[in-house]
Amino acid sequence: MKLLEWVNIKPVESLKGKDLLTLFDYSTEEVKELLELAKNLKFLTKEGKCPPLLAGKTLGMIFEKHSTRTRISFEVGMQQLGGYGMFMHSRDLQIGRGESVYDTAHVLSGYLDGIMIRANSHQMVEELAEHAQVPVINGLTDLFHPCQALADMLTLQEVQGELAGKKLTYIGDGNNVAHSLAIAAAHLGMHIAIATPPGYEPVEWIAEKISKLAITNGGSLLITTDPVKAVEGADCIYTDVWTSMGQEEETQARLKAFQSFQVNDALVAHAKTDYAFLHCLPAHREEEVTASLIDGPNSYVFQQAENRLHAQKAVLASLL
Ligand SMILES: NCCC[C@H](N)C(=O)O
Ligand SMILES: NC(=O)OP(=O)(O)O
């Protein structure tokens, strides 16, 4: 039998034409199906047989902020699926000179089959999605980073198998990455613990929704200011930068506030011995994580970065 006949590469039917703004908008079943498709697309890609599911299609990729992984994985992902990914920096577009989101959405919809955008404000991406006639994919906003979270779950599934009931700990800033990671983990029924300094907790309405979703799926959400409590018995430890893009002038204050939230040998001693360490990257060694950990045997950060490619191909193949 030919590979393509026994590896299931059916796009997630119910997601056709939809946007991906946050994983709150998807059902648990849809998230699981996307991850299954991502796993199969990864396998086929490694065999040199990634199917050309998006032949002739073009994804426009708008960036208001820097990117290494998101830009390159979307561009290469489109190419592997037989389509084309077109990079645009917002400062080169008329939107950078004040053309409205409404007009931009209508105009781009006439040329493209989908739009991926990395933006400063989540609200702007919602407005773009409202007026675009093609799917809009969130490549990071101030509030969410759903594509990252799908790659994170794919990586954890590869490393630890079934995730329901496992404990996922996030240490650091209650930011975009923390929000999306916890939403994805809640879909998969994980026990999530988030430790942040006071004042840097996840946004309240987002945390409430995550908690409900986690409980529905047999998991839970704990938010604490005690990193040791959060790490106790963890299967996975995750951290992100203390200062996100756009917060540069808060750097000094944040360095001080996050001092005791470094992921280091003393802290991970409270986790399971075979815990997996993840970080969305870019990382600052000896700030949020020590080199001994991110470059150590429990770290899967490069596998995680590679998985952006395969997780996003599942998204692209399904939405476009
Ligand atoms: N590459 C992902 C960067 C994530 C970070 N929280 C930021 O928003 O800058
Ligand atoms: N993790 C992530 O989104 O990386 P980039 O900022 O390099 O795209």
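Residues numbered from 1 in each chain as written. Chains lettered and ligands numbered in written order. Predicted model: local features only at pLDDT ≥ 70, side-chain atom pairs only at ≥ 80, totals over all residues. Heavy atoms only, no water.

Enquirer: Any details on the site of ligand 1? Residues and values, ideally.
Expert: Neighbouring residues of ligand 1: Leu140, Asn175, Asn176, Val177, Asp240, Val241, Ser244, Met245, Cys280, Leu281 and Pro282. Between Ser244 and ligand 1, the recorded distance is 2.7 Å, taken from a side-chain N or O atom to a nitrogen atom. Across the complex, the protein chains shield 92% of the 290 Å² of accessible surface that ligand 1 would expose by itself. Most atoms of ligand 1, that is more than half of them, are within 2 Å of grid points of the largest pocket. Its residues assigned to classes, the shell around ligand 1 comprises seven nonpolar, three polar and one charged. (Near = heavy atom within 4 Å. Polar contact = N/O pair within 3.5 Å; in protein donor to acceptor, adjacent residues only side chain to side chain. Areas by Shrake-Rupley, 256 points an atom, 1.4 Å probe, with all protein chains shown as cover. 1 Å grid on protein atoms, 1.4 Å probe; cavity = no way out; pocket = protein on both sides within 12 Å on 5 of 7 lines; lining within 4 Å. Sits in = over half its atoms within 2 Å of the grid points. Nonpolar A, V, L, I, M, F, W, Y, C, P; charged D, E, K, R; others polar.)

Enquirer: Outline the site of ligand 2, supporting the account with residue identities and numerical values.
Expert: Surveying the vicinity of ligand 2 reveals the residues Ser67, Thr68, Arg69, Thr70, Arg118, His145, Gln148, Cys280, Leu281 and Arg308. Here an oxygen atom of ligand 2 sits 2.6 Å away from a polar atom, N or O, in the side chain of Ser67. Arg69 is positioned with one of its side-chain polar atoms (N or O) 2.8 Å from an oxygen atom of ligand 2. Burial of ligand 2 by the protein amounts to 95% of the accessible area it has alone, namely 260 Å². Here ligand 2 is seated within the largest pocket. Across the shell around ligand 2, the residue classes break down as two nonpolar, five polar and three charged.

Enquirer: Can you break down the pattern of salt bridges residue by residue, with the values?
Expert: This model, assessed by the stated rule, comprises eight salt bridges. As a salt-bridge pair, Lys46 and Glu306 come within 2.7 Å of each other at their nearest N and O atoms. Note that Lys46 is positioned in helix H2 (residues 28–46) and Glu306 in helix H13 (residues 301–319), a separation of 260 residues in sequence. Of the charged contacts in the structure, one is a salt bridge between Asp173 and Arg254, with a shortest N-O distance of 3.1 Å. Of this pair, Asp173 sits in the loop between strand E5 (167–171) and helix H7 (176–187) while Arg254 sits in helix H10 (residues 251–257), placing them 81 residues apart in sequence. Per residue, the accessibility class of Asp173 equals that of Arg254, and both read buried. Counted as one network, the salt bridges with shared partners bring together Asp173, Glu250 and Arg254. (Salt bridge = Lys/Arg side-chain N within 4 Å of Asp/Glu carboxyl O. Helix = DSSP H or I, 4+ residues; strand = E, 2+ residues; numbered from the N terminus. Buried < 20%, exposed > 50% of the residue type's maximum accessible area, 1.4 Å probe, protein only.)

Enquirer: Break down the UniProt feature "domain: Aspartate/ornithine carbamoyltransferase carbamoyl-P binding" (unreviewed entry) in the protein for me, citing the residues and quoting the values.
Expert: As recorded in UniProt, the feature "domain: Aspartate/ornithine carbamoyltransferase carbamoyl-P binding" (unreviewed entry) lies at residues 18–158. With 45% helix and 14% strand, residues 18–158 has its two end C-alpha atoms placed 27 Å apart. (UniProt positions renumbered as here; feature names shortened; annotations may be inferred.)

Enquirer: If you had to explain the side chain of Lys313 to someone new, which residues and values would you point to?
Expert: Mapped onto the secondary structure, Lys313 falls in helix H13. Buried charge without a salt bridge: Lys313, with Glu306 as the nearest opposite-charge side chain at an N-O distance of 7.8 Å. With near-sequence residues (within four places) excluded, Lys313 lies in contact with Leu41, Thr45, Cys50, Gly77, Gln80 and Leu81. (Lys, Arg positive; Asp, Glu negative; His and termini not counted. Contact = heavy atoms within 4.5 Å.)

Enquirer: Quick rundown of the layout of surface pockets? Include the residues and the values.
Expert: Counted as a void, the largest pocket has a volume near 690 Å³. Along its surface, the largest pocket is lined by 39 residues, and Asn176, Val241, Thr243, Ser244 and Met245 are the ones closest to its centre. Mapped onto the lining of the largest pocket, the elements with two or more residues apiece are helix H3 (69–80), H7 and H10. Among the elements that take part in the lining of the largest pocket, H7 stands out by supplying three residues, more than any other. For the lining of the largest pocket, the per-class residue count stands at ten nonpolar, 18 polar and eleven charged. (Points joined across faces, edges and corners; volume = space filled by probe spheres on them.)

Enquirer: With reference to specific residues and values, describe the packing of H7 against helix H8 (residues 204–216).
Expert: Between H7 and H8, the least distance of the axes is 8 Å, while the angle of their chain directions is 20 degrees. Between H7 and H8, the angle is such that the two are roughly parallel. Like other packed secondary-structure pairs, H7 and H8 cross with a definite hand, here left-handed. Of the residues in H8, those in contact with His179, Ala182, Ile183, Ala186 and His187 of H7 are Ile206, Ile210, Leu213 and Ala214. Per-class residue counts for the contact of H7 with H8 are seven nonpolar, two polar and no charged. (Axes fitted to C-alpha atoms, helices over the stretch in contact; angles between N-to-C directions. Parallel < 35°, antiparallel > 145°, perpendicular 65-115°, else oblique. Left-handed = near helix turned anticlockwise from the far one by under 90°.)

Enquirer: Report on the sheet that holds strand E3 (residues 114–118), specifying residues and quantitative values.
Expert: What links the strands of a sheet is backbone hydrogen bonding, and the strands pair in either a parallel or an antiparallel sense. With parallel pairing, four strands are arranged side by side in an open sheet as E2-E1-E3-E4. Since the sheet does not close on itself, it has two edges, and those belong to strand E2 (84–89) and strand E4 (136–138), each with one partner. When the angles between neighbouring strand axes are averaged without regard to direction, this sheet yields 20 degrees. (Pairing = 2+ DSSP bridges.)

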